[in-house]
Amino acid sequence: MRTLNLAAVAALCLVVSACSKDGGGSGEAPPPADAPAAAVSTDTDKAAALAALPAPYNTGDLSNGQSKFALCRSCHTITEGGPDLTGPNLHGVFGRKAGSKPGYAYSEAVKAAGFTWDAEHLDKWLASPREFLPGTKMTFAGLHDPKDRVDLIAYLKVETGYKPAP
Ligand code: HEC
């Protein structure tokens, strides 16, 4: 965690580009471009994270999940600290109370939903958001093939920092 925070600060400095500029060219080296990425990064890590998921998600097809996520991408980012688009950033969505990401303006329907996102809720939501939570402003028709939903949920678990309950 600590190193991540430091990396985040360093990245911010780069963006703001004011951290070492006025110091008379201190010659400070920029942070390495290949600083360790968050938790799951390599294909091997992803395969291990997939295998650790509860059934049926442990047999999900990550590449199909990734291609189904193309349906969500225009409205959602999944990287840690990623921006909200039309929909909220989904990093850490598993275990998060529905409608609770700070800074995002949810509909009353989602704010009042009262549950915490897990695979079961997500499965119903993705099958038909407007039937599951009438009044939602997520205008997505639904993903009708149950296997596609398993694959997409497995993909989201692997990519959004899901941690199995201890
Ligand atoms: C056209 C834009 C759009 C598309 C496409 C879309 N979403 Fe959404 N999504 C939204 C909006 C807007 C909300 C907020 C809903 C509300 O407040 O009623 C949302 C909310 C959510 C939430 C609830 C988040 C929370 O913090 O409670 C999840 C989970 C979600 N979307 C997942 C997905 C997935 C997975 C897909 C792809 C299958 C997808 N969405 C496709 C716009 C979209």
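Criteria and cut-off values
- Residues numbered from 1 in each chain as written.
- Predicted model: local features only at pLDDT ≥ 70, side-chain atom pairs only at ≥ 80, totals over all residues.
- Heavy atoms only, no water.
- Near = heavy atom within 4 Å.
- Polar contact = N/O pair within 3.5 Å; in protein donor to acceptor, adjacent residues only side chain to side chain.
- Helix = DSSP H or I, 4+ residues; strand = E, 2+ residues; numbered from the N terminus.
- Nonpolar A, V, L, I, M, F, W, Y, C, P; charged D, E, K, R; others polar.
- Expected span 1.5 Å × (residues − 1).
- Buried < 20%, exposed > 50% of the residue type's maximum accessible area, 1.4 Å probe, protein only.
- Contact = heavy atoms within 4.5 Å.

Caption draft 1: The site of the ligand, seen in detail. The environment of the ligand is formed by 26 residues, the closest being Cys72, Cys75, His76, Ser107 and Met138. Contact distances for the ligand include 2.6 Å between an oxygen atom and a side-chain N or O atom of Tyr106. Within the side chain of Ser107, a nitrogen or oxygen atom sits 2.5 Å from an oxygen atom of the ligand. Contributing elements (two or more residues each) for the shell around the ligand: helix H5 (119–127) and helix H7 (146–159). The residue makeup of the shell around the ligand, split by class, is 17 nonpolar, seven polar and two charged.

Caption draft 2: Spatial organisation of H7. The first and last C-alpha atoms of H7 sit 20 Å apart over 14 residues, in line with the 20 Å expected at 1.5 Å per residue. The buried count for H7 comes to eleven of 14 residues, which makes it a mostly enclosed element. When we look at burial in H7, the residues that qualify are Asp148, Arg149, Val150, Asp151, Leu152, Ile153, Ala154, Tyr155, Leu156, Lys157 and Val158. In this structure, the buried residues of H7 make contact with helix H2 (43–51), helix H3 (62–69) and H5. At the N-terminal boundary of H7, the capping side chain belongs to Asp145, with an oxygen 2.8 Å from the backbone nitrogen of Lys147. Gly161, located one to two residues past H7, shows a positive phi value of around 80°.

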